[in-house]
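Coordinate analysis (summary)
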Amino acid sequence: MLSKKIVDRINLQINREMYSANLYMAMSAKLNDDGYKGISTWMMTQYHEEMFHAMKLYGYLQSQGASPAIEKIDAPAIKAKSVKEIFSATLEHEKFVTASIRELLELAISEKDYATENLVRWYVDEQVEEEQNVVDILQTIEVIGDGKQGLFMLNIELGKRKPSIPLDFTSIG
Ligand code: FEO
């Protein structure tokens, strides 16, 4: 059985993952408006990944007899204007999520909650991959430059992204 502290902290993480999903959806909309359909697809794929992260925690709580608490999600604030600025902001956001996951892991360890610890270690690996993906994109922008031609190529490349997770969340658990 999960402690109240762990349940509350997992619920906070669900909220943060859903905020992340909304942030990527908002970025997707902005990039679509700006004419970058491919990068918009990349962001919408990331939206699905974030919803998967939230639903995996949701399913875990239920599998442990605890209740997911769905709270208000803050509206995403996007100040970045250029593609490069958007990916820089994305990296900063993922660093915040990584810190949040580490905090949850440290709580699970301190409570000797090994089941939660195992689950959260999956997120630790996932965060390494997510940060690396964005670092790679920023590096590509450095190489090709953020002029129109470079961004045109990046737009085509990122538009090929496909979700690596199941989109049917009813099968998570
Ligand atoms: Fe769910 Fe992008 O972290």
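Up top is the structure.
The structure reproduced in this document is the subject of the present report.

Rules used in this analysis
Residues numbered from 1 in each chain as written. Predicted model: local features only at pLDDT ≥ 70, side-chain atom pairs only at ≥ 80, totals over all residues. Heavy atoms only, no water. Helix = DSSP H or I, 4+ residues; strand = E, 2+ residues; numbered from the N terminus. Rg over C-alpha atoms; globule rule 2.2 N^0.38 Å. Buried < 20%, exposed > 50% of the residue type's maximum accessible area, 1.4 Å probe, protein only. Contact = heavy atoms within 4.5 Å. Areas by Shrake-Rupley, 256 points an atom, 1.4 Å probe, with all protein chains shown as cover. Salt bridge = Lys/Arg side-chain N within 4 Å of Asp/Glu carboxyl O. Phe/Tyr/Trp six-rings, centres within 6.5 Å; stacked < 30°, edge-to-face > 60°. Lys NZ or Arg CZ within 6 Å of the ring centre and 35° of its normal.

**Focus: the overall build of the chain**
- A count of helical and extended segments in the chain gives 5 helices and 0 strands.
- Overall, the chain shows an N-to-C arrangement of helices and strands of α-α-α-α-α.
- Here the C-alpha radius of gyration of the chain, 17 Å, is about what a compact globule of 173 residues would show, namely 16 Å.
- In terms of its C-alpha atoms, the chain occupies a principal-axis envelope of roughly 55 × 25 × 25 Å.
- Every one of the 173 residues in the chain was classed for burial, and the buried ones make up 44%.
- Taking all contacts inside the chain whose residues are at least 6 apart in sequence as the whole, residues at least 24 apart take part in 82%.
- Of the roughly 9400 Å² of accessible surface on the chain, a fraction of 55% belongs to carbon and sulfur atoms.

**Considering the pattern of salt bridges**
- Summed over all chains, the structure comprises 7 salt bridges.
- Glu103 is the salt-bridge partner of Arg9, the closest N and O atoms lying 3.1 Å from each other. Here Arg9 is found in helix H1 (residues 4–33), whereas its partner Glu103 is found in helix H3 (residues 83–110), with 94 residues between them in sequence.
- We classify Glu103 as partly exposed; its relative accessible area is 45%.

**Remarks on the packing of aromatic side chains**
- Within this structure, the stated rule accounts for 3 aromatic pairs.
- Feature note: the residues Phe52, Trp122 and Tyr123 constitute an aromatic cluster, connected by ring pairs.
- Above the ring of Trp122, the side-chain terminus of Lys56 is found at 4.7 Å from the ring centroid.

**Remarks on the environment of Ile14**
- Its place among the elements puts Ile14 in helix H1.
- A C-alpha to C-alpha distance of 17 Å links Ile14 and Lys95, two positions 81 residues apart in sequence.
- Beyond its immediate stretch of four places on either side in the chain, Ile14 contacts Ala54, Leu57, Tyr58, Leu61, Pro68 and Ile70.

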